[in-house]
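# Descriptive analysis of the structure
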Amino acid sequence: MTKRRILRFLTFIAVVLIIAAAFYCFSQEPSNAVSHTDFAMDTYVTETLYGTDSSISFEYIKTLDALLSAYGENSEIFKLNTQGNATLSENTVSIVTQALKYTADTDGYFDATLFPITSLWKIGTENAVVPTDEQIQEAMGFVGVANFSLDENEIVANENCGLDLGGVAKGFACDKVKEIYEANEDITGAVLSFGSSILLYGKPDNKDEFSVALRNPDNAHLSLGTLRLNECFVSTSGGYERNSILDGKKYSHIFDPKTGYPCESEYLSVTIVSFSGALGDALSTAVYVGGHKALGLIPEDCSYIIVDKEKKIHISKSFPGRFSLTDTDYEVIYE
Amino acid sequence: MNRKLFCGSDFVIIACIILASVVLGVFMRGSDSADIAQIYKGSELIASVSLNENSEFTVEGADGFVFCVENNSICVKTSPCENKICVNTGCISRGNETIVCLPERICVRTSVNDGFDAVVG
């Protein structure tokens, strides 16, 4: 083989290696996001982190769950609901204080004192039943903020009364996990999703904003559009996610505190974008239950995206992000 | 001494190599896609499947469930639970989207590079 042929052969090899290396780099995942999934707070939680590859929130969320669950036998809320009094830890005092405030502030559309009702129906569990009207009316007599007194970390409930913090616990967990993220300099961005409650933290990799798909309530496979959002909390209430079918009828897990029956909302879904997860959770429930009459409860620094039954998407003018409609069967109304 | 290192046919060969590399690179990029679905029982990951190949399958640890991958999406076709919320959820295909069966504590999560960071609603 002549020198010239050797040189040509090496040149060909070099060309192939350079191009292969270029395409290898090109084919790599551009983001450093790492996702973890675990079961907590009676649902699946997915945490996606940018900047670090180890899950840091699940153990904390499980600790919160152990304190706040209405049915966990070692929880502080379980003790309150069964014994009528309890000594609360700092986190439980914080969420109970918020939950009772939101109950008082939302004209009865969100109610954290519905434990006598939720424990009667047991919607979403294998023990779900349709109670009699008499049972519901009797249970409604034990609902209301006035049945509870909280003095620093000591709480007392009247007989047969109890708290169900399921309407704010996931949002509260998002609030607390955000504090953990803020204390960890390695985390440049994160998405913590309980499904109905989501924390968008910092920035995603290689983008200035988070891209969030707005699910079609009629078909989970389809998107209605894309939300572009910066750091915030996103809470959604919809009767289609957790329910029970009893005697051929579907019952939502969201209750109307004024009647004690599962809510039959005028909306398909209500999404609140806020700067507090617990508040966002309470507001999304309140507006889902109260419908248009409850829109006035939403403060100026929060915004809503509501999907109604007439294929209209209502977005408040205060919405801090951008929305791009992809399903042209729907109409967007800014109000 | 004045003979050139490359003649005309060499440039044709180099062009062919570049073209073949591009095709190979695109093919590798497609086949190495991270579009997968992970199936959890409680906290335990019990299966991880590609969304690029249509299939219908069962998973050890998810008794009574039948899963179906079709057109880069996944759904729960059969479930032993009563309320069938997981079946009625339909197919999912976007990044970090989930199908959840709470009674049986089964979760299907997609990991798809479609630009979405989360799904709400």
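This report concerns the structure included in the present document. The model shown is predicted, which means the values in this text are computed figures rather than measured ones.

Take helix α3 (residues 76–83) of chain A next. All names here are of chain A. Within α3, the full set of buried residues consists of Glu76, Ile77, Leu80 and Asn81. Looking straight down α3, one finds its buried side chains confined to an arc of 135°; they lie on one side. Exposed side of α3, more than 90 degrees from the buried face: Thr82 and Gln83 are the residues found there. In this fold, the buried residues of α3 make contact with α2 (58–68), β3 (85–87), α4 (90–105), α5 (115–121), β4 (148–151) and β5 (154–157). Among the residues of α3, the N-terminal cap falls to Ser75, whose side-chain oxygen and the backbone nitrogen of Ile77 are separated by 3.4 Å. One or two residues past the end of α3 sits Gly84, with phi positive at roughly 90°.

Attention now goes to the pattern of salt bridges. All names here are of chain A. The final tally for this structure, using the stated rule, is 10 salt bridges over all chains. Among the salt bridges present, the one from Lys101 reaches Asp105, with a minimum N-O distance of 2.6 Å. One end of the pair is Lys101 and the other is Asp105, both in helix α4 and 4 residues apart, which spans about a single turn. The class of Asp105 is partly exposed, set by a relative accessible area of 41%. One salt-bridge network, in which partners are shared between bridges, spans Lys178, Glu182 and Glu231.

Here the focus is the state of the cysteines. All names here are of chain B. Enumeration over the complete set of coordinates arrives at 0 disulfides over all chains. Cys101 provides the cysteine sulfur closest to Cys81, a residue in no disulfide bond, and the two sulfurs are 3.7 Å apart. For Cys81, a relative accessible area of 4% puts it in the buried group.

Attention now goes to the sheet that holds strand β9 (residues 219–229) of chain A. Here 4 strands make up an open sheet; going across it, the order is β16(A)-β9(A)-β8(A)-β8(B) and the pairing mixed. Pairing within the sheet leaves two strands with one partner each, and these edge strands are β16 (322–325) of chain A together with β8 (118–120) of chain B. Taken pair by pair, the neighbouring strands of this sheet meet at an average axis angle of 35°, ignoring direction. Where β9 of chain A lies against β16 of chain A, 4 bridges are found, and the strand directions are antiparallel. Looking at the pairing, Thr226 of chain A lines up with Ser324 of chain A of β16 of chain A.

Right, let's get into the nonpolar core. Residues and elements named next belong to chain A. Counting 62 residues, the largest nonpolar core has Ile61, Val96, Leu163, Leu165, Tyr181 and Leu192 as the members making the most contacts within it. The element that contributes the greatest number of residues to this core is helix α8 (residues 277–290), accounting for 7 residues. In this view, Val96 contacts Ile77, Leu88, Leu150, Ile155, Leu163 and Leu165; residues no more than four positions away in its chain are not counted. Within the second largest apolar cluster, 22 residues are counted, among which are Tyr50, Val191, Ile198 and Leu227.

Turning our attention to the sheet that holds β5 of chain A. Residues and elements named next belong to chain A. If you trace the 3 strands from one edge of the open sheet to the other, you get β3-β5-β4, paired in antiparallel fashion. The open sheet has two edge strands, β3 and β4, and neither has a second partner. Between one strand axis and the next, the sheet turns by 10° as a mean value, whatever way the strands run. Judged from the 3 bridges that link them, β3 and β5 form a sheet pairing that is antiparallel. Counterpart to Ala86 in the pairing with β5 is Ile155.

Structurally, Phe116 of chain B is set in the loop between β7 (106–111) and β8. For the pair Phe116 of chain B and Ser55 of chain B, spaced 61 residues apart in the sequence, the C-alpha separation amounts to 25 Å. Contacts of Phe116 of chain B, omitting those with residues within four sequence positions, involve Ser211, Val212, Ala213 and Thr226 of chain A together with Arg94 and Gly95 of chain B.

So, on to the packing of α4 of chain A against helix α7 (residues 169–182) of chain A. Residue and element names in this part refer to chain A. α7 packs onto α4 with a crossing angle of 125° between their chain directions and a minimal axis gap of 11 Å. With respect to α7, the element α4 is oriented oblique. For the crossing formed where α4 meets α7, the hand is right-handed. Residues Asn91, Ser94, Ile95 and Gln98 of α4 form the contact with α7, whose own contacting residues are Ala169, Phe172 and Lys176. Along the lines of polarity and charge, the residues of the contact of α4 with α7 split into 3 nonpolar, 3 polar and 1 charged.

Let us look at the pairing of strand β2 (residues 43–50) of chain A. Residues and elements named next belong to chain A. Of all 8 residues in β2, 8 are buried, a share of seventy percent or more. In this structure, the hairpin formed by strand β1 (residues 34–40) and β2 is closed by a connection of 2 residues, where Met41 is found at a positive phi of approximately 55°. With 5 bridges connecting them, β2 and strand β6 (residues 189–193) associate as antiparallel partners. Its bridge partner being in β6, Leu49 is matched across the sheet by Ala190.

By the element assignment, Gly115 of chain B lies in the loop between β7 and β8. C-alpha of Gly115 of chain B to C-alpha of Gly95 of chain B: the two residues are 20 residues apart in sequence and 7.3 Å apart in space. What Gly115 of chain B contacts, discounting residues up to four positions off in sequence, is Lys207 and Ser211 of chain A.

Glancing now at unusual backbone geometry. Residues and elements named next belong to chain A. Within the chain, Asp107 stands out as a residue other than glycine whose phi angle is a positive 55°. With respect to the helices and strands, Asp107 occurs in the loop between α4 and α5. Located in the positive-phi region is Lys311, a residue other than glycine, with phi close to 60°. Assignment of secondary structure puts Lys311 in the loop between β14 (303–308) and β15 (312–315).

Cut-offs applied
- Starting afresh in each chain, residues are numbered from 1 along the sequence in its written order.
- Starting at A for chains and at 1 for ligands, labels are handed out in the order in which the entities are written.
- With the structure being a predicted model, the display of local features is reserved for residues of pLDDT at least 70 and the display and counting of side-chain atom pairs for 80 or more, all residues being used for whole-chain, interface and lining totals.
- Side-chain metrics in this entry use all non-hydrogen atoms of the structure; hydrogen atoms and water are not considered.
- Residue exposure (1.4 Å probe, protein chains only): buried if accessible area is under 20% of the type maximum, exposed if over 50%, otherwise partly exposed.
- A helix here means a DSSP run of H or I that spans at least four residues, while a strand means a run of E at least two residues long, and both kinds are numbered starting from the N terminus.
- The directions from the helix axis to the C-beta atoms form the arc being described.
- Throughout, a contact is declared for two residues whenever any of their heavy atoms are within 4.5 Å.
- In the analysis that follows, any N or O atom pair within 3.5 Å is treated as a polar contact, provided that within protein one partner can donate a hydrogen and the other can accept it, and provided that, for residues neighboring in sequence, both atoms belong to side chains.
- Should a side-chain nitrogen of Lys or Arg be within 4 Å of a carboxyl oxygen of Asp or Glu, the pair is scored as a salt bridge.
- Criterion for a disulfide: a pair of cysteine sulfur atoms at a distance within 2.5 Å.
- Criterion used throughout: strands pair if DSSP finds at least two bridges between them.
- The axes used here are C-alpha line fits, helices contributing only the stretch in contact, and every angle between their N-to-C directions lies in the interval 0 to 180 degrees.
- Residues enter a nonpolar core if they are buried and are Ala, Val, Leu, Ile, Met, Phe, Trp, Tyr or Cys, with the set joined through side-chain atoms within 4.5 Å.
- When an angle is under 35 degrees it counts as roughly parallel; over 145 it counts as roughly antiparallel; between 65 and 115 it counts as roughly perpendicular; any other value is oblique.
- For any pair of crossing helices, the crossing counts as left-handed if the nearer helix is rotated counterclockwise from the farther one by less than a right angle, and right-handed if it is rotated clockwise.
- Throughout, the ten residues Ala, Val, Leu, Ile, Met, Phe, Trp, Tyr, Cys and Pro are labelled nonpolar, Asp, Glu, Lys and Arg are labelled charged, and all others, Gly among them, are labelled polar.

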